[in-house]
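Geometric and topological summary
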Amino acid sequence: MRHRFHTLLLVGSGAREHALAKAIKRSSRPHSLVTFASSANPGIAHLSQSFALGNINDPKAVAAFARAQDVTLAVVGPEAPLETGVADALWERDIPVVGPRRDLAMIETSKGFARHLMTEFGIPGCPDYRHFRTLDGVEAFLQSLSEKFVVKADGLMGGKGVKVAGDHLQSHREALQYCEQLIAKGASFVIEEKCMGEEFSMFSFCDGPTLKHMPPVQDHKRAYVGDEGPNTGGMGSYSDRDHSLPFLKISDIEAARATNELVAEGLRKKFGHGYKGILYGGYMATADGGRVIEFNARFGDPEAMNLLTLLETDIIDIFEAIGNETLHNMEVAFAPKASVCKYAVPAGYPDNPAKGFAVGIEQVEQPENLFLGAVDLRQGKLVATGSRTAAVVGIAEELEEAEAIAETLVSQVEGNLFHRQDVGTRELIDKRVSHMRSLRK
Ligand code: AMP
Ligand code: GLY
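Figured I'd write up the structure that's included with this text. Note that the structure is a prediction, hence the values are computed from the model and not measured.

**Notes on the sheet that holds strand β10 (residues 198-207)**
If you walk across this open sheet you meet the four strands as β11-β10-β16-β17, and the pairing is antiparallel. Looking along the sheet, the strands with just one partner apiece sit at the ends: β11 (211-213) and β17 (289-296). Ignoring which end each strand starts from, the neighbouring axes of this sheet average 35 degrees apart.

**Focus: the sheet that holds strand β3 (residues 50-53)**
Pairing is parallel in the open sheet, where five strands are placed in the order β3-β2-β1-β4-β5. One side of each edge strand has no neighbouring strand; the edge strands of this open sheet are β3 and β5 (97-98). With two bridges joining them, strand β4 (residues 73-76) and β5 adopt parallel strand pairing. Looking at β5, one finds that V75 is bridged to V98.

**Quick notes on the environment of I429**
Relative to the helices and strands, I429 resides in helix α14 (residues 426-440). According to the relative accessible area criterion, I429 is buried, its value standing at 2%. In sequence terms I429 and P346 are 83 residues apart; their C-alpha atoms lie 25 Å from each other. Not counting chain neighbours up to four residues away, the residues in contact with I429 comprise Y238, P246, L399 and G424.

**Digging into the packing of aromatic side chains**
Counted by the stated rule, this structure contains 10 aromatic pairs. Residues F36 and F65 carry aromatic rings whose centres are separated by 5.3 Å and whose planes lie at 40 degrees to one another, so their mutual orientation is tilted. Taken together, the residues span a long stretch of sequence, with F36 in strand β2 (residues 31-37) and F65 in helix α3 (residues 59-68) at a distance of 29 residues. Both residues of the pair, F36 and F65, count as buried. Aromatic pair F203 and F299: ring centres 5.9 Å apart, planes at 35 degrees, arrangement tilted. Of this pair, F203 sits in strand β10 while F299 sits in the loop between β17 and α11 (303-310), placing them 96 residues apart in sequence. Looking at F203, the relative accessible area reads 0%, which means it is buried. Classification of F299 by relative accessible area gives buried; the value is 3%.

**As for the site of ligand 1**
In the region of ligand 1, 14 residues are neighbours, and E192, E193, C195, E199 and E294 sit closest. Between a nitrogen atom of ligand 1 and a main-chain N or O atom of C195, the distance comes to 2.9 Å. Within the side chain of E199, an N or O atom sits 2.5 Å from an oxygen atom of ligand 1. Against a free-state accessible area of 470 Å², the protein chains account for coverage of 89% of ligand 1. Counting residues per element, the ones that place at least two in the shell around ligand 1 are β7 (149-153), β8 (162-164), β9 (189-193) and β17. Of the residues in the shell around ligand 1, the class split is six nonpolar, no polar and eight charged.

**Overview of the pairing of strand β18 (residues 338-346)**
With nine of its nine residues buried, β18 lies for the most part within the structure. Looking at chain direction, strand β15 (residues 236-239) and β18 are connected through four bridges and run antiparallel. Its bridge partner lying in β18, S239 is registered against S339. As paired elements, β18 and strand β22 (residues 390-396) share seven bridges and run antiparallel to each other. Pairing of S339 across the sheet is with I395, part of β22. In the sheet, β18 pairs with strand β23 (residues 417-418) via two bridges, with the strands oriented antiparallel. Paired with P346 across the two strands is L417, which belongs to β23.

**Structural notes on the environment of K431**
Mapped onto the elements, K431 comes out in helix α14. K431 gets classed as partly exposed once you look at its relative accessible area, which sits at 44%. C-alpha of K431 to C-alpha of F247: the two residues are 184 residues apart in sequence and 9.5 Å apart in space.

What counts, and where the lines are drawn
- What you see as residue numbers is a count from 1 along each chain, following the sequence as written.
- The naming scheme follows written order: chains are lettered A onward, ligands numbered 1 onward.
- Only residues with pLDDT of at least 70 are given local features in this predicted model, and only at 80 or more are side-chain atom pairs given and counted; all residues enter the totals for whole chains, interfaces and linings.
- Working from all heavy atoms in the structure, the side-chain values ignore hydrogens and water.
- Here, strands pair whenever DSSP counts at least two bridges between them.
- Numbering of helices and strands starts at the N terminus; helices are DSSP runs of H or I of at least 4 residues and strands are runs of E of at least 2.
- The convention used is that axes are lines fitted to C-alpha atoms, helices contributing only their stretch in contact, and that angles between N-to-C directions extend from 0 to 180 degrees.
- Relative accessibility thresholds used throughout: buried, under 20% of the residue-type maximum; exposed, over 50%; partly exposed, between the two (1.4 Å probe, protein chains only).
- Contacts are assigned to residue pairs with any non-hydrogen atoms lying within 4.5 Å of each other.
- Between 30 and 60 degrees the pair is tilted, below 30 it is stacked and above 60 it is edge-to-face, where a pair is any two Phe, Tyr or Trp rings, Trp via its six-membered ring, whose centres lie within 6.5 Å.
- Any residue with a heavy atom lying within 4 Å of a molecule or strand is counted as near it.
- Identification of polar contacts relies on pairs of N or O atoms within 3.5 Å, with a donor-acceptor requirement for protein atoms, meaning one able to donate a hydrogen and the other able to accept it, and with residues adjacent in sequence counted only if both atoms are side-chain atoms.
- Methods summary: accessible areas were calculated by the Shrake-Rupley approach with a probe of 1.4 Å, and residue burial reflects only the protein chains presented.
- All residues other than Ala, Val, Leu, Ile, Met, Phe, Trp, Tyr, Cys, Pro, Asp, Glu, Lys and Arg, Gly among them, are scored as polar; the first ten of these are nonpolar and the last four charged.

Below is the structure:
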């Protein structure tokens, strides 16, 4: 099997998919890479033998492309194609897919489903929650949570469906108004306890029964330095050499891994078939153990840039093992190094982003550690399209060094852009550590 030639299909065209394409390119296995993309990302196109633009959320279109290209193995980067059944359509044509089928992807696409699954299988770390379709009982539940509540629209909302007390909602009255808006749109919603602590992401490769965990990573969701400003897709992320994070205890990591395993098992029991892909647990370390904030059915963006750059195991071996359900036979290794990822994003991002301006990447000293995101090629020129433009990763023995490298590289990306200078800095990490220490006291 080891010598089998693979034609790999990559679905998606952001920085996360650029990181996937680079990891595939590093493989020593004979292969070719074909990409089905929603934008002309030249970074990915350059690494692909064939690169097609189309509707990545149309299962028929993706499957037709896969058949025309004689694809033998596929990986789906973003969540939206998982929700529309792209993985199902590829499996129907006997193409193994890294990325769960539509039913299993509900672990991300329905907040209510994720919470119910946790309850049904007694999975620890679930905040107190209720799932509502009407206003019946909403007020009483809010009162029981007092000022510690979060309202989450059910369904994929591009990160905009979650409103947190104190941040986006200042009173029960505002919460009720938001619930009314959701009901008017026909959406159901979850209200849950607001947890206090530090967030981290735990990713696992999963073939169904077996999970291989990755080092924990911390993302930075807020737009501006000091965790100020609106929520974004993620402005940057870091991981540490010891495959822990400075504010975590070993028990936090063990609990997160165990929870990912219980979720995969619960999904298998519930649907009778296994979760194949990357399972992403979003956790919060709190004073009394870990809480699950959310699950996602894919790699994180930006976390993929940290993890895929550190990945030492051949990614085609991993993907093949996911397809064949043989992950238990292999070791998955990550370099024992620190990593810092920083995103350059358009001025005004996320609320009012500049668009259509030229982006220069010629000055970036380590092009291998540059990942193009929301860009397009127009008349041969690289232009920004408004979402996160380009990410860089610094890798080093120590976090300080990795941060300095990332800062240098991100500053070399030219255009009407900004980035968070504080991601991965000693100062910000110390703040996280002392926050956690004060909560644990
Ligand atoms: P989600 O889309 O579920 O990741 O939510 C977006 C952000 O809202 C998370 O990254 C958290 O910062 C915050 N959040 C979501 N759920 C909770 C919760 N139960 N307690 C505190 N913060 C939360
Ligand atoms: N890191 C945030 C996300 O990928 O959803």
